[in-house]
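Fold and contact review
Residue strings, one per chain:
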Amino acid sequence: MENFYFIGVDVSKKKLDFCVLLNGTIVLEEVVNNNIPSIRRFLETFLVDFKTSIDNLLVCAEHTGQYTFPLSIACQSLSCGLWLENPAQIKYSSGFSRGKNDKVDAHRIARYASRFSDNARYYQRPREEIERLKQLRNEQDLYKSDLAKYKGQLSDQREFMLARVYQEKAQRLERLIEELEKLIKDIDLLVETIIRSCRVLWRQRELLLSVEGVGPSVALCLIIETEAFTRFDDPRKFACHAGVAPSRYTSGSSQHSRNKVSQRANKQIKTLLHMAALSITGRKSGELKAYYERKVKEGKNKMTVINAIRAKLIARMFAVIKKDQFYTPVYS
């Protein structure tokens, strides 16, 4: 694009490295503090110095989680196009390279944006409720991890130290465990309050819970990951995101592999879907239980059938949201 600026941004915790390309040539490189006022000031100064408008530039950065928050807020406040791309996508599209530093990475991201601008997907910040739920879930996962660790020490170390020493340590651990359990319950109540206060989220959760095998944890995870089903519009794409959709691996006449799922997936979603599928296989009856028994009886591998159930759960969850209707099984 003539007279169109591509701005590559390498994001780190404390600073951002900016690289601005015009017709493939670097016209500006600058380091900016990673906070909203500094980023806004840089963009506003750039527009004035280069005598251009906000419509003539595209900001591109790797999606690195919460460290991109100030950048997204600053770009949104200026109505500036922001493209947050998967880091792996940029890495594997940039060819072979030696060395690595923030300045080089910013240039690499700017070149990527320039070369693949026709594939640009402008970032839309999720609604505030989704952002709050996402932060609360991450915080709760941290507490649950610590809780499991402390409970493990409480049960595993009794036989490997003096009784008096163990009792003193156990008292301290029990206080930590009690506090962590209280924090986890507090977050559950706050999550429930947020969902009940938003008609869309409340309706979506009720619809998802109508699907056989879907519990509160799976429903909440789907709502957060799909950003209330605005980030994904195709169950197949989400199945790929969750590492459930199998792909074919062949090359020429010599390399032939059975279809298998990719390891590049959101492991948390995959784990929750796996637990949901396992719960279905342990039921006495149900539509998916009958499907599982029929396929196993036909000689299918059990794990292959379980993966198929995970894919069916995703398809049904997307279907109830799209139709805005509760799921009705063929038979129970």
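Reading guide: rules and limits
Residues numbered from 1 in each chain as written. Predicted model: local features only at pLDDT ≥ 70, side-chain atom pairs only at ≥ 80, totals over all residues. Heavy atoms only, no water. Helix = DSSP H or I, 4+ residues; strand = E, 2+ residues; numbered from the N terminus. Buried < 20%, exposed > 50% of the residue type's maximum accessible area, 1.4 Å probe, protein only. Contact = heavy atoms within 4.5 Å. Axes fitted to C-alpha atoms, helices over the stretch in contact; angles between N-to-C directions. Parallel < 35°, antiparallel > 145°, perpendicular 65-115°, else oblique. Left-handed = near helix turned anticlockwise from the far one by under 90°. Nonpolar A, V, L, I, M, F, W, Y, C, P; charged D, E, K, R; others polar. pLDDT = per-residue confidence, 0-100. Polar contact = N/O pair within 3.5 Å; in protein donor to acceptor, adjacent residues only side chain to side chain. Disulfide = S-S within 2.5 Å. Phe/Tyr/Trp six-rings, centres within 6.5 Å; stacked < 30°, edge-to-face > 60°. Lys NZ or Arg CZ within 6 Å of the ring centre and 35° of its normal.

Observations concerning the overall build of the chain
- Along the chain, the regular secondary structure elements total 12 helices and 7 strands.
- In terms of overall dimensions, the chain has C-alpha extents of about 70 × 65 × 50 Å along its principal axes.
- Relative to its 332 residues, the chain shows a buried fraction of 40%.
- For the chain, the share of sequence-separated contacts (at least 6 apart) that also reach a separation of at least 24 residues comes to 61%.

Regarding the packing of helix α7 (residues 199–209) against helix α8 (residues 216–225)
- The N-to-C vectors of α7 and α8 enclose an angle of 130°; their axes lie 9 Å apart at closest approach. Overall, the two elements α7 and α8 adopt an arrangement that is oblique. Every pair of crossing elements has a handedness; the one defined by α7 and α8 is right-handed. For the pair formed by α7 and α8, the contact residues are L201, Q204, R205, L208 and L209 on the first element and P216, A219, L222 and I223 on the second.
- Each residue belonging to the contact of α7 with α8 can be placed in one class, and the counts come to 7 nonpolar, 1 polar and 1 charged.

Regarding the confidence of the model for the chain
- When the pLDDT values of the chain are averaged, the result is 88; 91% of them are 70 or greater.
- Ranking the helices and strands of the chain by mean pLDDT puts α7 first, with 95, and strand β7 (residues 255–261) last, with 56.

A look at the side chain of S93
- For S93, the position within the fold is in helix α3 (residues 87–93).
- A polar contact of 2.7 Å, which involves the side chain of S93, links it to the backbone oxygen of Q89.
- Setting aside anything within four residues of it in sequence, one finds S93 in contact with Y112, R115 and F116.

Let's talk about the state of the cysteines
- Within the structure shown, the criterion is met by 0 disulfides.
- Lacking any disulfide linkage, C75 is separated from the closest cysteine sulfur, that of C80, by 4.3 Å.
- The thiol of C198 is not disulfide-bonded; the next cysteine sulfur, from C221, is found 18 Å away.

Notes on the packing of aromatic side chains
- Scanning the entire structure with this criterion turns up 10 aromatic pairs.
- On the basis of an interplanar angle of 70° and a centroid distance of 5.7 Å, the ring pair of Y5 and F50 is categorised as edge-to-face. With a gap of 45 residues between them, Y5 in strand β1 (residues 5–11) and F50 in the loop between α1 (36–49) and β4 (57–62) connect regions that are remote in the sequence.
- Of the residues examined, Y5 reaches a relative accessible area of 8% and is grouped as buried.
- Pairwise contacts between aromatic rings join F229, F232, F238 and F318 into one cluster.
- Across the ring face of Y291, the terminal group of K312 is positioned such that the distance to the ring centre comes to 4.7 Å.

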